[in-house]
Structure formats: structure tokens, C-alpha cells
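Spelled out from the first residue to the last, the chains are:
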Amino acid sequence: MKITENVQNNVSRIFLDGRFDANTCGEVEQFIRKRIDDGMHYFVLDMENVSFIASAGLRVVLVIAKELRNTSRGDLCIASPQPNVRKVFEISGIDNVLQIHEDVERAAKGFLQ
Amino acid sequence: MQQSFEFPADTAVLAKIGEATVAAGRSAGFTESEIGDIQLAVDEACTNTIMHGLKEDPSRTFQVVLRWASGEVEIFIRETGDPFDPTEVPQPDITAALEDRSVGGLGIYFIKQLMDEVKYRIDEKGMKTLYMVKRGAGCR
Ligand SMILES: Nc1ncnc2c1ncn2[C@@H]1O[C@H](COP(=O)(O)OP(=O)(O)OP(=O)(O)O)[C@@H](O)[C@H]1O
Ligand SMILES: [Mg+2]
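Criteria and thresholds
- Residues numbered from 1 in each chain as written.
- Chains lettered and ligands numbered in written order.
- Predicted model: local features only at pLDDT ≥ 70, side-chain atom pairs only at ≥ 80, totals over all residues.
- Heavy atoms only, no water.
- Helix = DSSP H or I, 4+ residues; strand = E, 2+ residues; numbered from the N terminus.
- Rg over C-alpha atoms; globule rule 2.2 N^0.38 Å.
- Buried < 20%, exposed > 50% of the residue type's maximum accessible area, 1.4 Å probe, protein only.
- Contact = heavy atoms within 4.5 Å.
- Lys, Arg positive; Asp, Glu negative; His and termini not counted.
- Charge placed at Lys NZ, Arg CZ, Asp CG, Glu CD.
- Areas by Shrake-Rupley, 256 points an atom, 1.4 Å probe, with all protein chains shown as cover.
- Pairing = 2+ DSSP bridges.
- Core = buried A, V, L, I, M, F, W, Y, C linked by side-chain atoms within 4.5 Å.
- Buried area = accessible area lost by both parts, 1.4 Å probe.
- Salt bridge = Lys/Arg side-chain N within 4 Å of Asp/Glu carboxyl O.
- Polar contact = N/O pair within 3.5 Å; in protein donor to acceptor, adjacent residues only side chain to side chain.
- Nonpolar A, V, L, I, M, F, W, Y, C, P; charged D, E, K, R; others polar.

Draft legend 1. Highlighting the overall build of chain B. Scanning chain B for helices and strands turns up three helices and five strands. Scanning chain B from its N terminus toward the C terminus, one meets helices and strands in the order β-α-α-β-β-α-β-β. Computed over C-alpha atoms, the radius of gyration of chain B comes to 15 Å, within 12% of the 14 Å expected from 2.2 N^0.38 for 140 residues, which places it in the range of a compact globule. Counting every position in chain B, which comprises 140 residues, the buried fraction comes to 48%. A separation threshold of at least 6 residues defines the contact pool for chain B, and within that pool the share at least 24 residues apart is 66%. Here chain B contributes 15 positive and 23 negative side-chain charges, whose respective centroids are spaced 5 Å apart.

Pasting the structure below:
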């Protein structure tokens with residue numbers, strides 16, 4: 001998994017590139033945890049270049065979102081998922097507990113309101 | 001057509017299994033959306049085999065057989081980990097609020113939701129087989 005980040009207005013936009021499965025979910029979790037330790041509270045996970053997501057990826061997204069909301073009043077949302085990835089958020093019901101936005105800018109703006 | 005693989009219990013093999021599954025789905029003439037469903041179900045089953053069945057011990061292996069014809073893909077996953085029948089696992093609550101929602105327990109749910117048939121059996125030597133099939137729309 002290729003992971004890059006761009007921070008603006010205290011919102012961390014994390015761009016994931018590759019498969020988000022049981023083999024790569026640990027790298028994503030570590031990356032975000034490090035940024036939380038650095039003091040970040042708001043995250044947009046941009047999934048435009050995520051070709052595939054499995055339950056292991058969802059698990060990381062849920063664990064981090066829960067933690068952010070519970071401990072730092074922060075939050076995490078999803079941006080630009082491909083149709084197959086969006087479907088996995090939908091059949092797991094996660095689209096009801098996390099915001100999913102069409103693009104990363106709109107997602108980041110959502111936090112500022 | 002049929003393809004048979006043996007893999008070590010290491011999550012690094014999942015990408016390769018995904019590629020082979022997508023190729024089988026394409027040959028069988030499935031839509032991209034159906035291919036996504038098959039890929040997810042196979043990935044979840046193999047992830048469970050690697051992590052739960054074989055405890056990520058890379059010296060242990062499992063077998064994946066893909067069998068396809070027009071409008072149908074069948075998958076067999078074989079391992080000798082602890083006996084476990086996934087078809088008997090209850091459905092998780094996917095409607096709970098984030099605070100109440102337990103994490104995990106989605107893999108088997110996806111498999112059952114996305115495939116047309118899922119069967120489990122274990123033979124007298126302890127070889128477990130998880131069988132699943134996806135049929136294209138109009139072939140059900
Ligand atoms: N092949 C297997 N061998 C042994 N136990 C298994 C196997 N597959 C599943 N299980 C058991 O069934 C449980 C539920 O599996 P399921 O895939 O639904 O969720 P999970 O793997 O715990 O989490 P998730 O898939 O959401 O990341 C597992 O936690 C495990 O205890
Ligand atoms: Mg699982």
C-alpha cells in the first residue's frame with residue numbers, strides 16, 4: 001500500500017493507493033496512529049486509488065473512527081471510493097456510521113462546519 | 001476450466017489470489033460488479049483460513065481451486081486447521097451506531113451475502129473444505 005498525506009487546516013488527508021486487505025491494513029493503521037500521536041484529530045481517507053477493500057480494512061477504519069470520536073472529539077471520513085469499494089461500505093452498514101464523500105475537498109470541508 | 005493453487009498461510013498471498021479470482025470471473029463472463037463480489041468472498045474466506053485456521057504459520061499451506069464455466073464460478077478452499085463451520089455463524093448486527101457496533105465479524109457475513117451457495121465439510125482426516133459458487137444474473 002502506498003500512503004501519502006497532505007495536511008490543511010488541521011485536517012489530515014490520507015491518500016491510499018493499492019489493496020486495503022489483511023496484508024496491508026496494519027500499515028494504514030500504524031500510519032494513522034502515528035499521526036494521532038502527533039496531535040491530529042481529523043482525517044479524510046481518500047480511497048480513489050484503493051482497488052479493493054476487505055473486512056480487515058473496514059476494521060481499521062472503524063477502530064480508528066471510534067477512538068477518535070471517543071477520546072479526542074475527532075473524526076474520520078471516507079472520500080472518493082470506487083463503486084466496488086463503496087459497495088463494501090454499504091453492505092456492511094458502515095455508510096450509516098461514517099460519512100462518505102464524493103471528493104476529498106468536500107470531505108475536508110465537512111469537518112470545518 | 002479449472003485452476004488449482006497451493007499457498008502458504010501468509011497474507012502476502014492475498015493479492016495473487018485476488019488476481020486469479022478476477023481472471024476467472026472475467027473468463028466466466030461476469031460483470032465488474034459481480035467480479036467484485038466474488039473477489040471479496042474469496043478474499044474473506046482465504047483471510048480466515050490464513051489467520052484463524054492456520055494461525056498465520058507460513059510453514060502450513062492451504063489449497064484454492066477455482067472452477068469456472070460461462071456464468072458460473074465455483075471456489076474450493078481446503079485447509080487442516082481447527083474444525084470450524086462458518087455456515088453456522090450468526091449474522092452480525094450491521095445497523096448499530098458506531099459506539100455500540102462491534103468491530104470484526106464481517107467476513108463470513110460478506111461471503112453469505114455475496115455468493116449464491118456456501119457449503120462446509122470436513123473429512124475423516126480433518127481436511128476442511130469451504131465451497132462457494134456465484135452464478136451470473138440469468139443463470140440462477
Ligand atoms: N477457517 C477458519 N478456521 C477457524 N476459525 C474460523 C475460520 N473462519 C472463521 N473462523 C472464526 O469465525 C469468526 C468470524 O469470522 P469472520 O470472518 O466473520 O470475522 P473475523 O475474521 O473475526 O473478522 P473480519 O473478517 O470482520 O475481519 C472468526 O473470528 C474465527 O473465530
Ligand atoms: Mg474474517
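Resuming the write-up.
Draft legend 2. How the structure looks around the overall build of chain A. Counting its regular elements, chain A contains four helices and five strands. Written out in order from the N terminus, the α and β elements of chain A read β-β-α-β-α-β-α-β-α. Relative to its length of 113 residues, chain A is compact, with a C-alpha radius of gyration of 13 Å against a globular reference of 13 Å. Each principal axis of the C-alpha atoms in chain A carries an extent, and together these give about 30 × 25 × 25 Å. Within chain A, the fraction of its 113 residues that count as buried is 52%. Counting only carbon and sulfur atoms, one obtains 43% of the accessible surface of chain A, whose full area is about 5200 Å². The averaged location of the 16 negative side-chain charges in chain A is 3 Å from the averaged location of its 14 positive side-chain charges.

Draft legend 3. Just the pairing of strand β5 (residues 128–135) of chain B, in detail. Residues and elements named next belong to chain B. The buried count for β5 comes to seven of eight residues, which makes it a mostly enclosed element. Here strand β3 (residues 72–79) pairs with β5 via eight bridges, running antiparallel. Across the sheet, residue Val73 finds its bridge partner in β5, namely Lys134. In the sheet, strand β4 (residues 117–122) pairs with β5 via six bridges, with the strands oriented antiparallel. Paired with Tyr120 across the strands is Leu130, a residue of β5.

Draft legend 4. Representation of the nonpolar core in the model. Counting residues in each nonpolar core, the largest one holds 70 residues, and the members touching the most others are Phe20, Met47 and Leu76 of chain A together with Phe62 and Ile75 of chain B. Contact partners of Phe20 of chain A, with chain neighbours within four places excluded, come to Met1, Cys25, Val28, Met47, Val50, Phe52, Ile53, Ala54, Gly57, Val60 and Val61 of chain A. Counting eight residues, the second-largest nonpolar core is a separate cluster that includes Val44, Cys77, Ala79 and Ala108 of chain A.

Draft legend 5. Spotlight on the interface of chain B and chain A. In this assembly, 28 residues from chain B lie in contact with 23 residues from chain A. Among the residues of chain B in contact with chain A, Leu98, Arg101 and Val103 of chain B are the three that bury the most area, contributing 31% of the side total. There are two salt bridges connecting chain B and chain A. Between Asp37 of chain B and Lys87 of chain A there is a salt bridge, and its shortest N-O distance comes to 2.7 Å. In this structure, the connection of chain B to chain A is made through nine residue pairs in polar contact (both at pLDDT 80 or more). Among the elements of the structure, α1 (14–27), α2 (32–53) and α3 (107–114) of chain B are those that each provide at least two residues to the side of chain B that touches chain A. When residues in the side of chain B that touches chain A are grouped by element, the largest group, eight residues, is from α2 of chain B. Tallied by class, the residues present in the side of chain B that touches chain A amount to 14 nonpolar, nine polar and five charged.

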